[in-house]
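Report on the structure
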Amino acid sequence: MRGKSEGKLAKQICKVVLDHFEKQYSKELEDSWNTVRDVLISPSLWQYAVLLNRFNYPFELEMDLYLKGYHQLFQGSLPYCPKSLKCYLSRTTDRLPSERHQFGNLKKYYLLNAASLLPVLALELRDGEKALDLCAAPGGKSLALLQCAWPGYLHCNEYDRLRLRWLRQTLESFIPQPLINVIKVSESDGREIGDAQPETFDKVLVDAPCSNDRSWLFSSDPQKATCRIHQRRNLPVLQMELLRSAIKALRPGGVLVYSTCTLSKAENQDVINETLNSYSNVMPVDIREIARTCSQDFTFAPTGQECGLLVIPDKGKAWGPMYVAKLKKSWSTGKRHEFCKQF
Ligand SMILES: C[S@@+](CC[C@H](N)C(=O)[O-])C[C@H]1O[C@@H](n2cnc3c(N)ncnc32)[C@H](O)[C@@H]1O
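About the criteria used
Residues numbered from 1 in each chain as written. Predicted model: local features only at pLDDT ≥ 70, side-chain atom pairs only at ≥ 80, totals over all residues. Heavy atoms only, no water. UniProt positions renumbered as here; feature names shortened; annotations may be inferred. Near = heavy atom within 4 Å. Polar contact = N/O pair within 3.5 Å; in protein donor to acceptor, adjacent residues only side chain to side chain. Areas by Shrake-Rupley, 256 points an atom, 1.4 Å probe, with all protein chains shown as cover. Nonpolar A, V, L, I, M, F, W, Y, C, P; charged D, E, K, R; others polar. Buried < 20%, exposed > 50% of the residue type's maximum accessible area, 1.4 Å probe, protein only. Helix = DSSP H or I, 4+ residues; strand = E, 2+ residues; numbered from the N terminus. Arc of directions from axis to C-beta. Contact = heavy atoms within 4.5 Å.

Under an unreviewed UniProt entry, the name given to the protein is NOP2/Sun RNA methyltransferase 3, and the organism recorded is Ictidomys tridecemlineatus. You can read under Sequence similarities (unreviewed entry) in the UniProt record for the protein the words "Belongs to the class I-like SAM-binding methyltransferase superfamily. RsmB/NOP family."

Below, the structure is given as structure tokens:
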């Protein structure tokens, strides 16, 4: 193991971005922002969780993690948590090295921000279901979905060609051939998939392109950072368009999870509220139980929504930012209160 801070010392905080966040998030998160900021600006405090690969199960590594004081995540009474999903956390910032690909061998573990598993668990994928991961690269959440269930069909889409290659590599390094055979990888604009495959999927994950607060803070070029801050205003439009497409691709009765790795209310709660206001056949699904059962390992900020959770980085729980919202497409286009009665 190597100290996680080793490779991170060279990171420089971009003052333009920090000032911008300071202004926005001190209003949106109020007092919590001070702690969130302290964690975000200190990569040495960031933690990485270890997701074990059920297709090349590392028994020895699991023992080793126990001995080193790691503990297993999601041991509580989550509404949905398949036993096949195993993820370990350390209380310290020690970090396993990334695993090298060895030809002919599947990798044994994947390092990730533990909060990335919350959208995956919220989706509740079951064996045999048809699922769409609309914005899939580099593939962390696709991989986690496949730890949970064996879908009948999984469509992983990514618009960016370079990142698409990364996605393919992730799938090939962790997933065995029989399961690869039920996965389709495509390079489309996610905004067009709804029209191309209407009412096709039981489950859709929209892990949307967003401000990505952690990486923005360390932008190396202040001019580019300023430009991105201006472009940031347009992200909710793209996010809404992706959601529109996802809703179209979902079969009636199907479930959609929207997630981002930003704290920004405009890209999180506002996008979901706008969607709910625009579609009479899309209903919020209450996921507050996830927050209740995971509060030991994650810190949540209030969102004012029963269908939306926001994980904020905290000391000793440096996961997030991660916003997760869950929606359901109803069978009828009737008014929301009519649907809620049958819910
Ligand atoms: C937050 S990342 C996805 C991370 C991924 N789900 C994971 O867990 O590894 C968002 C992705 O959306 C992609 N993207 C941006 N615009 C898109 C579009 N119009 N359609 C599909 N994907 C898009 C970005 O290239 C980026 O890879």
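From this point, the narrative continues.
Lining the immediate surroundings of the ligand are 20 residues, of which Glu158, Arg163, Asp189, Gly190 and Asp207 lie closest. Note that an oxygen atom of the ligand is positioned 3.1 Å from one of the side-chain N or O atoms of Lys141. Within the side chain of Glu158, a nitrogen or oxygen atom sits 2.6 Å from an oxygen atom of the ligand. For the ligand, whose free accessible area comes to 610 Å², the fraction covered by protein is 86%. Of the residues that constitute the shell around the ligand, the class distribution is nine nonpolar, four polar and seven charged.

Now for helix H3 (residues 59-67). Spacing of three or four residues puts side chains on the same side of an α-helix, whose turn is 3.6 residues. For H3, the set of buried residues is Leu61, Glu62 and Leu65. With its buried residues spanning 105° around the axis, H3 presents them on a single face. Those residues of H3 that are exposed and aimed more than 90 degrees away from the buried face are Phe59, Glu60 and Leu67. Those residues of H3 that are buried lie in contact with strand E2 (49-52), strand E4 (87-89) and strand E6 (109-112). Looking at the residues trailing H3, positive phi occurs at Gly69, about 95°.

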